[in-house]
Number of protein chains: 2
Amino acid sequence: MQDIRIELREDKREKPQDMSKVKFGKTFSDHMFLMNYDSQKGWHDARIVPHGPIPMDPGAMVFHYAQEIFEGMKAYRTESGAIQFFRPFENIRRMARSGERVSMPAMDEDMFMEALKKLVEVDKEWVPSEEGTSLYIRPFMIATDVGLGVHASDSYLFCILTCPVGSYYPEGINPIKILIEDQDVRAVRGGTGYAKCGGNYAASIRASVRAGKKGFSQVLWLDGVERKYVEEVGAMNIMFKIDGKIYTPELNGSVLPGVTRKSSIELLKDWGYEVIEKLISVDELVEAAKAGKLEEVWGTGTAAVVTPVGWLTYKDETFEVEGGKIGEVTQKLYDGLTGIQWGKVEDTRDWIVTI
Amino acid sequence: MQDIRIELREDKREKPQDMSKVKFGKTFSDHMFLMNYDSQKGWHDARIVPHGPIPMDPGAMVFHYAQEIFEGMKAYRTESGAIQFFRPFENIRRMARSGERVSMPAMDEDMFMEALKKLVEVDKEWVPSEEGTSLYIRPFMIATDVGLGVHASDSYLFCILTCPVGSYYPEGINPIKILIEDQDVRAVRGGTGYAKCGGNYAASIRASVRAGKKGFSQVLWLDGVERKYVEEVGAMNIMFKIDGKIYTPELNGSVLPGVTRKSSIELLKDWGYEVIEKLISVDELVEAAKAGKLEEVWGTGTAAVVTPVGWLTYKDETFEVEGGKIGEVTQKLYDGLTGIQWGKVEDTRDWIVTI
Ligand SMILES: Cc1ncc(COP(=O)(O)O)c(C=O)c1O
Ligand SMILES: Cc1ncc(COP(=O)(O)O)c(C=O)c1O
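Rules and cut-offs
- Residues numbered from 1 in each chain as written.
- Chains lettered and ligands numbered in written order.
- Predicted model: local features only at pLDDT ≥ 70, side-chain atom pairs only at ≥ 80, totals over all residues.
- Heavy atoms only, no water.
- Salt bridge = Lys/Arg side-chain N within 4 Å of Asp/Glu carboxyl O.
- Helix = DSSP H or I, 4+ residues; strand = E, 2+ residues; numbered from the N terminus.
- Contact = heavy atoms within 4.5 Å.
- Buried area = accessible area lost by both parts, 1.4 Å probe.
- Near = heavy atom within 4 Å.
- Polar contact = N/O pair within 3.5 Å; in protein donor to acceptor, adjacent residues only side chain to side chain.
- Areas by Shrake-Rupley, 256 points an atom, 1.4 Å probe, with all protein chains shown as cover.
- Nonpolar A, V, L, I, M, F, W, Y, C, P; charged D, E, K, R; others polar.
- Axes fitted to C-alpha atoms, helices over the stretch in contact; angles between N-to-C directions.
- Parallel < 35°, antiparallel > 145°, perpendicular 65-115°, else oblique.
- Core = buried A, V, L, I, M, F, W, Y, C linked by side-chain atoms within 4.5 Å.
- Buried < 20%, exposed > 50% of the residue type's maximum accessible area, 1.4 Å probe, protein only.
- Pairing = 2+ DSSP bridges.
- Least-squares fit on C-alpha atoms with pLDDT ≥ 70 in both.
- Phe/Tyr/Trp six-rings, centres within 6.5 Å; stacked < 30°, edge-to-face > 60°.

**Q** How would you explain the pattern of salt bridges if you had to name every residue and give the values?
**A** Within the structure shown, the criterion is met by 50 salt bridges over all chains. For the salt bridge of B:Lys118 with B:Glu114, the shortest nitrogen-to-oxygen distance reads 3.2 Å. Note that B:Lys118 and B:Glu114 are positioned in helix α3 (residues 109-122) at a spacing of four residues, about one turn of the helix. One network of salt bridges, with partners in common, ties together A:Glu100, A:Arg101, B:Glu181, B:Asp184, B:Arg206 and B:Arg210.

**Q** Hey, could you go over the interface of chain A and chain B for me, with residue numbers and the actual values?
**A** Contacts between chain A and chain B engage 62 residues on the former and 62 residues on the latter. Summing both sides of the interface, chain A and chain B together bury roughly 4,700 Å²; the carbon and sulfur share of this comes to 63%. A per-residue breakdown of the area chain A buries against chain B is headed by A:Phe63, A:Leu148 and A:Arg206, which together make up 14% of the total. Counting across the interface, chain A meets chain B through four salt bridges. With a closest N to O distance of 3.5 Å, B:Asp184 and A:Arg101 form a salt bridge.

**Q** Could you give an account of the site of ligand 2, naming the residues involved and the relevant values?
**A** Residues and elements named next belong to chain B. Near ligand 2 you find 16 residues, and of these Lys196, Tyr201, Glu232, Thr260 and Thr302 are the closest. Contact distances for ligand 2 include 2.5 Å between a nitrogen atom and a side-chain N or O atom of glutamate 232. Relative to its free-state accessible area of 380 Å², ligand 2 is covered by the protein chains to the extent of 96%. Only α5 (259-270) and β16 (294-301) provide two or more residues apiece to the shell around ligand 2. Considered class by class, the residues forming the shell around ligand 2 number five nonpolar, seven polar and four charged.

**Q** Let's hear about the packing of α5(B) against helix α7 (residues 328-341) of chain B: which residues, and what values?
**A** Residues and elements named next belong to chain B. Close contact between α5 and α7 brings their axes to 11 Å; oriented N to C, the two are set at 110 degrees. Classified by the angle between their axes, α5 and α7 sit roughly perpendicular to one another. For the pair formed by α5 and α7, the contact residues are Thr260, Ser263, Ser264, Leu267 and Leu268 on the first element and Val329, Leu333, Gly336, Leu337 and Ile340 on the second. Looking at side-chain class alone, the contact of α5 with α7 contains six nonpolar, four polar and no charged residues.

**Q** Which residues make up the site of ligand 1, and what values go with them?
**A** Residue and element names in this part refer to chain A. In the vicinity of ligand 1 there are 16 residues, among which Tyr201, Glu232, Val259, Thr260 and Thr302 approach most closely. Measuring from an oxygen atom of ligand 1, one finds a side-chain N or O atom of threonine 260 at 2.5 Å. Residue threonine 302 places a side-chain N or O atom 2.6 Å away from an oxygen atom belonging to ligand 1. Only α5 (259-270) and β16 (294-301) provide two or more residues apiece to the shell around ligand 1. Considering only residue class, the shell around ligand 1 consists of five nonpolar, seven polar and four charged.

**Q** Can you explain the nonpolar core? Please cite residues and give values.
**A** Counting 123 residues, the largest nonpolar core has A:Phe33, A:Phe63, A:Phe158, B:Phe33, B:Phe63 and B:Phe158 as its most contacted members. Those residues within four positions of B:Phe63 in sequence are excluded, and the remaining contacts are A:Met56, A:Val62, A:Phe63, A:Glu68, A:Phe140, A:Ile142, B:Met56, B:Asp57 and B:Pro58. Within the second largest apolar cluster, 25 residues are counted, among which are A:Leu220, A:Met236, A:Leu312 and A:Val321.

**Q** Can you lay out the pairing of strand β10 (residues 176-180) of chain B for me, pointing to particular residues and giving the numbers?
**A** Residues and elements named next belong to chain B. Judged by how many residues are buried, β10 sits mostly within the fold: four of five residues are covered. Relative to strand β17 (residues 305-314), β10 runs parallel, the two sharing five bridges. By the bridge assignment for β17, lysine 177 is matched with tryptophan 311. Note: β10 against strand β11 (residues 218-222), three bridges, orientation parallel. By the bridge assignment, leucine 179 is partnered in β11 with valine 219.

**Q** Before we move on, could you go through the relation of the copies chain A and chain B and cite the residues and values that matter?
**A** Least-squares fitting of chain A to chain B yields an RMSD of 0.0 Å, with the transformation described by 0.0 Å of translation along the axis and a rotation of 180 degrees. On this basis, the relationship between the two copies can be described by a two-fold rotation axis. Of all interface residues in chain A, 100% are interface residues in chain B too; the two copies therefore contact each other through one and the same surface.

**Q** Mind laying out the packing of aromatic side chains, listing which residues take part and the relevant values?
**A** Inspection of every chain in the model, using the stated rule, returns 25 aromatic pairs over all chains. Look at A:Phe70 and B:Tyr65: their rings are 5.4 Å apart centre to centre, the planes differ by 90 degrees, and that puts the pair in the edge-to-face class. You can see A:Phe70 sitting in strand β5 (residues 68-70) and its partner B:Tyr65 sitting in helix α1 (residues 61-65), one on each of two chains. Exposure remark for A:Phe70: the relative accessible area of 2% places this residue in the buried category.

**Q** Residues and numbers for unusual backbone geometry, please.
**A** In the Ramachandran plot, A:Arg87 falls in the positive-phi region, its phi being about 50 degrees despite a non-glycine side chain. For A:Arg87, the location among the structural elements is in the loop between β7 (83-86) and α2 (88-101). Backbone geometry places B:Val305, a non-glycine residue, at a positive phi of 65 degrees. Take B:Val305: it is sitting in strand β17. B:Val305 gets classed as buried once you look at its relative accessible area, which sits at 4%.

Structure follows, in structure tokens:
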């Protein structure tokens, strides 16, 4: 493994006084990790440097052809003051799979883990300790070849940023309103939906803005082929409790394989629930809702962990779920996952990596 | 219209000695145009400055969510030494449509045109005059808000770069080999295919690399829904002459509406050809090829103008077109378009804007 050169900043930044006022992903820690790749040297020049601007050539591939991928994960501070990661190798491996889709190189897994550990250690004072807070970690990679011909870049910059983040729901978890999007498409089988690459998100912004103006928190995407099967929400996977069983869209290539999704399925199964991964049509959901069998709906994702959905709107019809209140399984899952993440519940599955 | 501040560079760069050795989009002129947008000030600070690196915050939206669009156009030097653009407002308007899809603001058309003119004028010595050469122009816009939450950025940077480019085919136009891609999908209806945004290109790289290794110049994309209808080639639209008539895929939302495509259709119709825009299935093409009726195939795009396709491969079958030679209509179209672009043929359609 390569050594990581560390250059500490002299002018330490001020840390947030009140974590409840910190906006998601807007406050950055003192340092960032950088590493370069090119086909000749491979990965090289691993370094932790003061967080700050990067000089970029305006002809760099990333600005024109969006050859860029990212990850989202967190470091949690436990009651004893220790700092831990939740299933970091899931993110590391997903980033490699994302890279494969858009012809970008993977980083060595151990090097990646070492970079995460070192960076969080250097900025350990930035890992907050208030209830529900954490250090959000954003690894990303961009194509840096300069040239306007469309091609796979030969050179890349890998970077890790970190942000202290408050509890996603400072006022407690309240169910959200979701609009099933029937115009714009986010991703399609054969495309890049399963990869965490920038283009998927650019494609999603217009519908989110439109839905936001109508009072919805997020949109629920439909598949791009038949516009019939539900896929996922903005930055969360989606789960339904129908007539006692748990359903979630199968990973068919256009849905992001969420780490929280995977972990939720494992926990739910351990707890004895039947969990079914399959294509789920809007019609099925509407039918279940009308028959009073749509018992719970929630989203899963690193940022908010588990988010109850209280209202689902399709075309002009709105279905209320559980009287707009958080359901039993949703709450249990939230407690189960956050319990492990913050070290309040014993980790019996080897999900935790401590620093 | 706002004034453009001009800051000339002192250390003028050396211009290419031999245009036939210049690689596409790798050599940049002395200056670039920059302009900023934010919702408070609108578009502001139009400036022409020395071409060079731009300091970017690593948390800028463009690196994570690919909120980025671009255009590709050219300035041509005529025999008299004048410099002219080919249908620049087509590019200006397409960029506005691209922006709408990914929630980015449009620039005032006249301001955009003024920026193009001024920038090319400042770097007029960079517009080459050798046969078939031109100044490639790359306007692009990137989201510069700093923050890791997915949202429509509030601030943007608009930039225009220019590159002297050689004749795309210094050894004369030779028909290329194209692979019909049946695995990866570039774009789908409802998605961003009709927009010139980075994500479409990132999605296309893997298939292009794979095809390149097998000896193909480009891939021909199929529609993302049925994987049955041909759409377009890497950076070109596609046209077929079948049994005397010209066919090209209709603009159904996932195909880029090329300026060269539009101009070709207009010229061909003026010349008396029947041009049909419709969904074209691979099966139809295979059938026509087998019946000896696939008379010509060519791509259209700003970079290479018109490119004859000599061989089309689908799954493991290859169809030769016109004995692998350039066809009559292809040649006529190439001559017609380039004639107008370089000012050798009279512009009777108001396509030319001179500086
Ligand atoms: C599109 C999308 N779906 C789902 C998720 C949830 O994935 P994870 O649980 O790994 O955070 C995310 C966020 O990471 C996402 O961006
Ligand atoms: C995907 C794609 N299709 C088609 C074209 C051709 O368009 P135009 O003729 O406007 O250059 C381009 C290039 O600009 C392109 O990138």
